Amino acid sequence: CVFLPPLTVTSPCKILKCNSEFWAATSGSHHLGTEEAPEFCTALRAYAHCTRRTARTCRGDLAYHSAVHGIDDLMVQHNCSKDGPTSQPRLRTLPPGDSQERSDSPEICHYEKSFHKHSAAPNYTHCGLFGDPHLRTFTDTFQTCKVQGAWPLIDNNYLNVQVTNTPVLPGSTATATSKLTIIFKSFQECVDQKVYQAEMDELPAAFADGSKNGGDKHGANSLKITEKVSGQHIEIQAKYIGTTIVVRQVGRYLTFAVRMPEEVVNAVEDRDSQGLYLCLRGCPLNQQIDFQTIRSAQATEGRARRKGPSLPAPPEAFTYETATAKCREKLPVEDLYFQSCVFDLLTTGDVNFMLAAYYAFEDVKMLHSNKDKLHLYERTRDLAPGNTAPSGPPPTLWVALLCLSQCWLCLL
C-alpha cells in the first residue's frame, strides 16, 4: 500500500506545527548573505527545540523522524552550533523573481500547455467529501457513507489521497473526516515527491517537510500551497497535472474538494487490479446510507424512541423545523447539499456541519467545470455514471430524516 499508516486521531504529535513554524521563519533564507547565517542557525535550533518538545508523542511518526534527521544534516551544512539562541528570527521574504516564482518552468510542467497543445481543452471533473461524510464522485453521483477508519479517495499514477473518518460522538455511527494525507508522486523534471498531512486542529500551510512548493526541480513551482485562511482553508495547485485541491477545517473536522482532468483521474497502470477508490467508484454498498429507503420509518419511530435513552446525546438537539431553518440560512436551494445539512444537524447536533455543507457547495461552484450540474436533487447511486437528477422538484425526505435522527442505530 502506498499510503502512510494513519495516526491515532487524537495524536498529540505536533511535528506538522514544527515544520510550518520553521518554514515561516526561514522563507527566503537560502538567498540570504553569509552575514545572516546565524539567523538561519537560530531558526534551526528553534526547530530542533520544537521537535524535542513533541518527541515523546511522535514515536513511530515518519514525518517526525524525517524532520529530526533533516535538522542534523542542515546543522552540519551550515556549521550551526547546537548551543545558542532559539528565538524565531525575522528573515526577509522572497524577493521578486525568486526561484519559487519561476516563470520559465518547462512546458511539460503545465498540463494545459503540454498535454493539450494541439487538441481540445481537457474535460475537468470534481470530487468532494464533507460532513457526516457525504461524497460527490467524479461522475457526479452523491452518496452518504459510514466509511469509518482510513479510506483512499484518489489513487492514480500522479497522486494518492487518503482520509480517516472517526465517530462524531462516542458510540455513534455518525462519522466525519479527522485526518487527510495527500501524496504527490515525483514527476519528471517538475516536482519531487511531496506529502501533505492535515488533521483536527492542524491544517498546515506547508508540506510535511516544511516546503511550500515541489522541491528543487526546475518546475518546482508547478506544485504550490497557498493559505487562504490561517488554520481553516488551504489550496494546493498542481499545474503539472492540471489539478486544484481545497482542504478546509470546519469546526473540528476536515473537508476535501478537488478539480482534476479526466485524463489524470483515469491514469492508472492496471485499472482492473486497482484498489477501492472512493472518488471514482464511490463507497461500497455496505458502507452507504441510503436515507431514501427510510420512507417506511414511521412504523419504527415509536420503537426508536423507546430506545432513545441509550443513544449518545448530541451537543445540541435539533428538530426537523429548526434544522431546516438553520440550513436554509446558508443553503436556500433545497438540493442534496441542503438535505445533507439537515441530515447532519439531526444526527450530530453540531451546527458546524451546516457550514461544512455550505463550504462544500461553494467549492463546487469554484471547481466544477459544468455549471449546469452544480445542484443535485436526488441520490444518483442507481443512475448511470455522470447522469444527474431531473430538473423536477426535489423528493420529500424530511420524515425519513427526522426519524433517522432518533433511530440512527437502527440503520445498521
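A brief structural summary. (Residues numbered from 1 in each chain as written. Predicted model: local features only at pLDDT ≥ 70, side-chain atom pairs only at ≥ 80, totals over all residues. Heavy atoms only, no water.)

## Things to note about helix H3 (residues 62-77)
Stated precisely, the cut-off is as follows: Think of it this way: any DSSP run of H or I at least four residues long counts as a helix, any run of E at least two long counts as a strand, and we number them from the N terminus. Under the convention used throughout, the expected extent of a helix is 1.5 Å for every residue step, that is, one less than its residue count. Any residue under 20% of the maximum accessible area for its type is buried, any over 50% is exposed, and the rest in between are partly exposed; the area is computed with a 1.4 Å probe on protein chains only. Directions are taken from the helix axis to each C-beta atom, and the arc is the one they span.
Taking 1.5 Å of rise per residue, 16 residues should cover 22 Å, and H3 covers 23 Å from first to last C-alpha, within 8% of that figure. Within H3, burial applies to Ala63, Tyr64, Ala67, Ile71 and Met75. Buried residues in H3, looked at end-on, bunch into an arc of 110°, giving them a common side. Exposed side chains of H3 directed beyond 90 degrees from the buried face belong to Leu62, His69, Val76 and Gln77. Positioned one or two residues after H3, Asn79 has a phi angle of 55°, which is positive.

## Here's the deal with the pattern of salt bridges
To keep things clear, this is the line we draw: Every case where a carboxyl oxygen of Asp or Glu lies within 4 Å of a side-chain nitrogen of Lys or Arg is listed as a salt bridge.
Per the stated rule, a full pass over the model turns up seven salt bridges. With a closest N to O distance of 3.6 Å, Lys326 and Glu329 form a salt bridge. With Lys326 and Glu329 both in helix H8 (residues 320-330) and three residues apart, the pair spans about one turn of that helix.

## Here's the deal with the nonpolar core
Soluble globular proteins tend to bury their nonpolar side chains together. Test applied: Take the buried residues of types Ala, Val, Leu, Ile, Met, Phe, Trp, Tyr and Cys, join any two whose side-chain atoms come within 4.5 Å, and each joined set is a nonpolar core. By the convention used here, residues are in contact when the closest approach between their heavy atoms is within 4.5 Å.
Counting 47 residues, the largest nonpolar core has Leu153, Ile154, Leu159, Ile182, Phe184, Tyr240 and Phe256 as the members making the most contacts within it. Considering every element that reaches this core, the biggest residue donor is strand S11 (residues 253-261), with four residues. In contact with Leu153, not counting residues within four places along its chain, are Leu129, Leu135, Val161, Gln162, Val163, Phe256, Tyr277, Leu278 and Cys279. By size, the runner-up hydrophobic cluster in this structure holds 23 residues, among which are Cys18, Ala25, Cys41 and Ala63.

## Notes on the sheet that holds S11
As a reminder, the rule being used: Here, strands pair whenever DSSP counts at least two bridges between them. For every element, the axis is a line fit to its C-alpha atoms; helices are fit only across the contacting stretch, and the angle between N-to-C directions ranges from 0 to 180 degrees.
On the basis of which strands lie adjacent, the open sheet formed by seven strands has the order S3-S2-S1-S11-S10-S9-S8 and antiparallel pairing. The open sheet has two free edges, formed respectively by strand S3 (142-144) and strand S8 (223-229), since each of these has just one partner strand. Averaged over all adjacent pairs, the angle separating strand axes in this sheet is 10°, with direction ignored. In this structure, S8 lies alongside strand S9 (residues 233-238), joined through six bridges in antiparallel fashion. Within S9, the position partnered with Ile225 by the bridge is Ile236.

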